[in-house]
Amino acid sequence: MAACFLREYTRPVRRAAACSANIEPSRNSDVILERGDTPLRRYFSSTVLLTTLVAFACPGLRAQSKSKDDRGHPWYQHAVFYEIYPRSFMDSNGDGIGDLKGIASRLNYLKALGVDAIWIAPCFPSPQVDFGYDVSDYENIDKMYGTLADFDKLQRLGKKHGIKIILDFVVNHTSDQHPWFVDSRASRTSNKRDWYIWRDGVGKNPPNNWISNFGGPAWQWDERTSQYYYHYFYPQQPDLNWHNPAVADTMFGTTEWWYRRGVAGFRLDAVDALFEDPNLTNDPVLPGVDAYGDPNVNHKYTHNLPEVHGVLKSLRGVADKYDAVLIGETWTDNVAQLRAYYGADHDELQMPMDLMLTGLKFSASVFRAHIDAVNASGEWPVFVIGNHDIVRSWNRYGDGTHNDEIAKDMAAMYLTLRGTPIMYYGEEIGMQNNDPQRREDVKDPIGKLGWPKEKGRDGERTPMQWSDAPNAAFSNGIPWNVVPETYKTYNVANELKDPNSILHWYKKLLALRHTEAALFDGSYVALNEKDPNVLAYLRKSDGEAVIVVINMSATPQKVMLDLSSHGLNADSVKTLLTTQSSLRNSSAVAQITLEPFAAYIARVGKSRDSAHR
Ligand code: GLC
Ligand code: CA
C-alpha cells in the first residue's frame with residue numbers, strides 16, 4: 001500500500017492501479033504515451049441536425065435552479081460537471097493563453113453539449129510556478145485570465161445558460177509570493193509566522209525524511225530566519241498550517257466571499273495533504289527510487305491524516321448556507337477510504353471524486369467489481385475518467401487500435417452509472433495526450449525535474465480543439481502549449497458534422513441522462529456478472545428501467561439476458577442509443593450479438609406478470 005502515494009499527483013493512474021487489492025493493474029499504463037492515434041470514422045450526413053434536436057428537446061430533467069427536486073435530489077446529483085483548464089480552453093485576446101472571456105464565448109457550446117456546471121481550475125493571481133495552483137491572492141482573478149468584472153459577467157451568463165460555476169480552492173498551500181508567506185518568512189516573530197510550518201533542522205539536515213510529491217526534500221531551508229519550511233509540492237508552494245485556527249477561519253471566510261459572489265461550490269485541491277504529523281515522525285522508506293531519483297517512501301505521516309475531517313465539516317457548514325457543493329480531489333486506495341470523505345453523518349464532502357476509476361484497466365470484470373463496491377457503499381458516486389494531472393482517457397484506456405470505440409464505451413459506461421460524472425475538457429472529442437519530445441520543450445516543472453521518466457503534465461493540458469483552422473481556433477496568437485497534429489480530425493467543428501463522432505455520442509448520452517428518469521434516479525443492478533467481456537446492467541426506477549450493455553472486447557460477443565427475474569420483459573425494449581447500426585431498431589434483448597466494442601442502451605418495459613402484480 002505504501003507505494004501508492006508516490007505519484008498520486010503526477011500520474012496517479014499508475015499509482016492507483018498498482019495499489020488496490022481488488023483492482024487489477026492496467027496493462028496499458030506503461031505504454032499509453034507511445035500510442036499512435038486511430039483515425040476517426042467519419043460519415044457526413046444531414047442527420048446531425050436531427051440528433052441535436054432530439055438531444056435537447058427534453059430539458060425537463062436538466063439541473064434545477066431550485067436546490068432539491070420533488071424526489072429530494074439535491075441539484076448536484078442531476079448535474080453533469082465539466083472541468084475547464086482555463087489556460088487551454090479559449091483565448092479571447094490573442095496572447096496565447098485561455099481566459100474568462102474565452103470561456104464565456106463558449107458557454108453556448110457547453111450548454112448544447114449538456115453540461116450543467118463547470119469547474120474552472122485556478123484562475124486567481126499567481127506566479128504560475130504550478131500554473132495557478134500557487135495562489136498569491138484568493139479573492140481576485142489573475143490578469144492573464146481577466147478581471148473580477150469578467151468573472152461576474154461569466155457568472156451572469158452562466159446563470160442565463162443554466163451553467164453553474166465551481167472554483168478550485170487550493171487549500172493545502174499558497175504561493176511563496178502570497179503576502180501571508182512574505183510576512184511569515186520575514187521573521188520568527190512575525191504575525192503570520194505560525195500560518196506555515198517552520199521547524200529547526202537536525203544539525204545540518206532537514207527536520208526529518210519527508211519527501212515532496214514533486215521531487216526533493218519536503219523541507220526548504222530559509223536563510224533569513226535559519227529555519228526550514230514545509231512544502232508537500234514545489235518549494236514555491238509552502239503548506240499552510242491548518243492547526244492554526246486563524247488559517248482555518250480565513251480560508252472559510254474566503255469560500256464565503258466567493259459564495260456571496262454567486263459561486264456554486266468548490267473543488268478542494270489536494271485536500272488529502274492538509275495535515276501532517278506534528279511530531280514529524282519519519283515516513284517509512286521503501287525499496288527503490290522514484291522518477292526524480294528520491295527514495296520511495298510511504299507518505300504515512302503527511303497524507304490522509306484524520307484531522308482533515310474536522311476541516312471538511314467546517315467547510316461544509318459554510319457551503320450549506322449557500323446550497324453549495326464541495327468536490328474533493330480525493331485519491332484513495334479503496335472504497336472504504338473514499339466513503340470516509342462523505343462524513344460519518346454526511347456532513348463533509350457531497351462529492352469526493354472517485355479517482356480510482358482512472359487507474360483501472362479497460363475490462364468488463366474489473367469495472368464491474370469496482371462499480372459494485374462503490375454502489376455497495378451506499379453513497380452517491382462521483383465518477384471521473386480524466387483530469388489535468390493524468391494521461392488523457394483516450395490514451396489511457398485505449399488499446400492502440402480501437403481507441404475511438406473505447407472512448408465511446410467509457411462514456412457509455414460512466415455517463416449512465418448511478419452518480420454524478422465530472423468530464424474533462426476535450427474528452428468529448430477524443431483529445432489525445434501530446435507529451436513533449438524534448439526536455440527543453442517541457443513547461444510543467446516536474447517534467448523538467450523528472451525527465452525522461454516523468455515528462456510532466458503538458459500532454460494532457462493542450463489547447464481545446466475547436467476546428468481545423470490554425471491553432472485549432474483556440475487562439476489568434478501563439479498558443480502557450482503545443483496543439484497536437486491530430487486536431488485536424490479531432491475537433492469540435494468536424495465532429496459536429498459527423499453523426500458517428502465521439503462528440504455526437506457524448507451529446508446523445510448527456511441528453512439521455514437528462515431525459516431518462518431511470519438514468520439519474522434508478523438503482524444499479526448488475527447483469528451477467530460472470531461475463532468477462534461484456535459489462536451489462538440495469539438502471540431501475542419505479543416506473544421504468546434502462547439497460548446498458550457494452551462489449552469491452554475486440555471480438556463479437558453473444559449476450560443472453562434474462563430480465564424476467566427483474567420484473568422486466570426482454571422482448572419489449574426501445575433502443576435509445578447504440579454504436580451498432582444493426583441494433584438501432586431492435587425491440588428485444590433476450591439474446592443479442594454485440595460487435596467488438598459495441599455499446600447498446602435501451603429502455604425496457606415491465607414484464608406482463610409484473611404489470612399484473
Ligand atoms: C493538485 C492539482 C495539481 C497541482 C497540485 C498542487 O493535485 O490537481 O495540478 O499541481 O494539486 O497544487
Ligand atoms: Ca488570453
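Definitions and limits used
- Residues numbered from 1 in each chain as written.
- Chains lettered and ligands numbered in written order.
- Predicted model: local features only at pLDDT ≥ 70, side-chain atom pairs only at ≥ 80, totals over all residues.
- Heavy atoms only, no water.
- Helix = DSSP H or I, 4+ residues; strand = E, 2+ residues; numbered from the N terminus.
- Buried < 20%, exposed > 50% of the residue type's maximum accessible area, 1.4 Å probe, protein only.
- Contact = heavy atoms within 4.5 Å.
- Areas by Shrake-Rupley, 256 points an atom, 1.4 Å probe, with all protein chains shown as cover.
- 1 Å grid on protein atoms, 1.4 Å probe; cavity = no way out; pocket = protein on both sides within 12 Å on 5 of 7 lines; lining within 4 Å.
- Points joined across faces, edges and corners; volume = space filled by probe spheres on them.
- Donors = N, O, S within 2.8 Å, 3.2 Å for Na, K, Ca; no water.
- Polar contact = N/O pair within 3.5 Å; in protein donor to acceptor, adjacent residues only side chain to side chain.
- Core = buried A, V, L, I, M, F, W, Y, C linked by side-chain atoms within 4.5 Å.
- Salt bridge = Lys/Arg side-chain N within 4 Å of Asp/Glu carboxyl O.

Here we take up the overall build of the chain. Broken down by element type, the chain carries 18 helices and 20 strands. Burial analysis of the chain (613 residues in total) assigns 63% to the buried set. When contacts within the chain are restricted to residue pairs at least 6 apart in sequence, long-range pairs at least 24 apart make up 70% of them. Carbon and sulfur atoms form 51% of the exposed surface of the chain, whose accessible area is close to 22,200 Å².

With that out of the way, let us pick up empty space enclosed by the protein. Following the criterion strictly, the structure yields five cavities of 30 Å³ or more and no others. What the second largest cavity holds in volume is close to 80 Å³. Around the second largest cavity sit 13 residues that line it, and Ile385, Ser393, Trp394, Ala407 and Glu427 are the ones nearest its centre. Contributing elements (two or more residues each) for the lining of the second largest cavity: helix H12 (393-397) and helix H13 (403-414).

For the calcium ion (ligand 2), the full set of protein donor atoms is Asp91 (OD), Asn93 (OD1), Asp95 (OD), Ile97 (O) and Asp99 (OD), and the range of their distances to it is 2.3 to 2.4 Å. Here the donor residues of the calcium ion (ligand 2) share one chain and are spaced in sequence as D-x1-N-x1-D-x1-I-x1-D. We classify Ile97 as buried; its relative accessible area is 14%.

By secondary structure assignment, the location of Glu348 is in the loop between helix H10 (335-340) and strand E11 (351-352). For Glu348, a relative accessible area of 2% translates into the label buried. A distance of 2.6 Å separates the side chain of Glu348 from the side chain of His309, its partner in a polar contact. Once residues within four sequence positions are removed from consideration, Glu348 is found in contact with His309, Leu312, Lys313, Arg316, Ala340, Tyr341, Tyr342 and Gly343.

In this section: the nonpolar core. By size, the foremost hydrophobic cluster in this structure holds 140 residues, and its most contacted members are Phe81, Tyr82, Leu110, Ile118, Trp242 and Met413. By size, the runner-up hydrophobic cluster in this structure holds 22 residues, among which are Val525, Leu527, Val559 and Val604.

A few words now on the pattern of salt bridges. In total, this model carries 20 salt bridges according to the counting rule given. Note that Arg188 and Asp200 form a salt bridge whose closest N and O atoms lie 3.6 Å from each other. Taken together, the residues Arg188 in the loop between helix H7 (179-186) and strand E4 (198-199) and Asp200 in the loop between E4 and strand E5 (219-222) connect sequence positions twelve residues apart. Owing to a relative accessible area of 45%, Arg188 belongs among the partly exposed residues under this scheme. Classification of Asp200 by relative accessible area gives partly exposed; the value is 45%. Of the charged contacts in the structure, one is a salt bridge between Arg267 and Glu329, with a shortest N-O distance of 3.4 Å. Taken as a pair, Arg267 in strand E7 (residues 265-269) and Glu329 in the loop between strand E10 (325-328) and H10 lie far apart in primary sequence, 62 residues in all. Like Glu329, Arg267 is buried. Among the charged side chains, a salt-bridge network with shared partners connects Asp130, Asp389, Asp444, Arg457 and Arg461.

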